[in-house]
Amino acid sequence: MKTKVSALLGSRLPIVQSGMRWASRAELVSAVSNAGAFGILSAHTQPDAEALRREIERTRSMTDRPFGVNLTLLPGASGVDVEGYVRVVCEERIPVVETAGGSPARHLDALKDAGVKVMHKATSVRHALKAESLGVDAVIIDGFECAGHPGADDVPGLVLIPAAARALKIPVLAAGGIADGRGLVAALALGAEGVCMGTRFLLTRESPLHPQVKARMLAASETDTTLVGRRFGDSIRVLKNRTTAEALALETQPATTHGDLLPLIGAPRWMQAMESGAADDAALPIGQCVGLIDDLPSCAELVERMLVEARAAIEQRLPALLGAA
């Protein structure tokens, strides 16, 4: 399955595993790339730049296929050596970087000079156009269905993907709500050149997510996510549980500040829960497509199944609707 995205990435398939904080480590990333898709390490998971270098080396010991690195550019983040991460990415000749959370402008010259391609994740067409004007190579457009931060416009993928594909000249990858081959074909039909999946790859055998958390997510339906932090312009899609109910109740109180909410919904708490298995003790980021997921395949099994499903849709179901079968 060759598209502009698979050509850009150097991968066999236009399927990308999003760089998920805490989860996107060597074991998952190498398994994704070995399956013919494109794995992405999370730089922000590593405590410093040299730790990222070691994780890159570990990943290379497990795969000879290309993979990338995610740089989460959080505005005002303190204690995060983004410049160091960028330096290591360039020195290690990582072919592609996924940027998210803020503008990549400050780092583009260094990345481009080192031959690194940049895919920027955006939640609106206007932000995608801005990224294109800065010189990124592709945009990942993140629909309202996605895990984590869906943006403020509440536009789902069925509208956002073709809107972005129509507006942009660079390749568009679709993210949010995609969990199988049907979603892949739908994204391609809407004008995307590939897909980016987080939740679906999180629920695989190679994912480091604790088995108890995996089981809780497998039991969830498409209505078992909610948005926390919305009042403060920091919406995060998370799994419904005891902690998110507590956070939502706190959010409704007039005196509550964003800082009051962070101990409940912040990354340190949900990363600890992902490791410990305490699925009720944190606001766990998860997409609405969790309702489409009911098993834990290996990454290789998942990717192969997606291809079978995609071919069936393209070669059998769609032609039959036109009377061509």
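The preceding data block contains the structure.
Residues numbered from 1 in each chain as written. Predicted model: local features only at pLDDT ≥ 70, side-chain atom pairs only at ≥ 80, totals over all residues. Heavy atoms only, no water.

So, a positive patch on the surface
Turning to step 1, where the next piece is worked out: Taken together, the side chains of K2, R12, R65 and R311 make up a positively charged region of the molecular surface.
Turning to step 2, where the next piece is worked out: By secondary structure assignment, the location of R12 is in the loop between α1 (4–9) and β1 (15–17). (Patch = residues over 30% accessible without salt bridge, like charges linked within 9 Å, V, L, I, M, F, W, Y side chains within 5 Å. Areas by Shrake-Rupley, 256 points an atom, 1.4 Å probe, with all protein chains shown as cover. Salt bridge = Lys/Arg side-chain N within 4 Å of Asp/Glu carboxyl O. Lys, Arg positive; Asp, Glu negative; His and termini not counted. Charge placed at Lys NZ, Arg CZ, Asp CG, Glu CD. Helix = DSSP H or I, 4+ residues; strand = E, 2+ residues; numbered from the N terminus.)

Digging into the side chain of N70
Turning to step 1, where the next piece is worked out: Tracing the chain through its elements places N70 in strand β3 (residues 67–72).
Turning to step 2, where the next piece is worked out: Judged by its relative accessible area of 2%, N70 is buried.
Turning to step 3, where the next piece is worked out: Within the local environment of N70, its side chain forms a polar contact with the side chain of T72, the two groups lying 2.8 Å apart.
Turning to step 4, where the next piece is worked out: Looking at N70, its side chain comes within polar contact range of the side chain of E98, at 2.6 Å.
Turning to step 5, where the next piece is worked out: Once residues lying within four places of it in the same chain are set aside, the contact partners of N70 are G19, I40, L41, S42, A43, H44, E98 and A100. (Buried < 20%, exposed > 50% of the residue type's maximum accessible area, 1.4 Å probe, protein only. Polar contact = N/O pair within 3.5 Å; in protein donor to acceptor, adjacent residues only side chain to side chain. Contact = heavy atoms within 4.5 Å.)

Observations concerning the environment of L52
Turning to step 1, where the next piece is worked out: Tracing the sequence through the fold places L52 in helix α3 (residues 49–62).
Turning to step 2, where the next piece is worked out: By relative accessible area, which is 0% here, L52 ends up buried.
Turning to step 3, where the next piece is worked out: Considered as a pair, L52 and H107 are 55 residues apart in the sequence and their alpha carbons are 17 Å apart.
Turning to step 4, where the next piece is worked out: In contact with L52, not counting residues within four places along its chain, are A43, Q46, V69, Y85, V88 and V89.

Observations concerning the packing of helix α11 (residues 242–251) against helix α12 (residues 258–265)
Turning to step 1, where the next piece is worked out: Interhelical geometry of α11 versus α12 gives an angle of 175° and a closest axis separation of 10 Å. Compared by their axis directions, α11 and α12 come out roughly antiparallel. Facing α11, whose interface residues are T243, E246, A247, L250 and E251, α12 presents D260, L261, L264 and I265.
Turning to step 2, where the next piece is worked out: The residue inventory of the contact of α11 with α12, partitioned by class, reads five nonpolar, one polar and three charged. (Axes fitted to C-alpha atoms, helices over the stretch in contact; angles between N-to-C directions. Parallel < 35°, antiparallel > 145°, perpendicular 65-115°, else oblique. Nonpolar A, V, L, I, M, F, W, Y, C, P; charged D, E, K, R; others polar.)

Some points on the nonpolar core
Turning to step 1, where the next piece is worked out: In this structure, I15, V69, M217 and L284 are the most contacted members of the largest nonpolar core, which totals 82 residues.
Turning to step 2, where the next piece is worked out: Of the residues forming this core, the biggest block, seven residues, is contributed by helix α14 (residues 299–321).
Turning to step 3, where the next piece is worked out: When residues no more than four places from it in sequence are discounted, the contact partners of V69 are I40, L41, A43, L52, I56, V89, I94, V96, V97 and E98.
Turning to step 4, where the next piece is worked out: Counting 12 residues, the second-largest nonpolar core is a separate cluster that includes L9, V96, A138 and C196. (Core = buried A, V, L, I, M, F, W, Y, C linked by side-chain atoms within 4.5 Å.)

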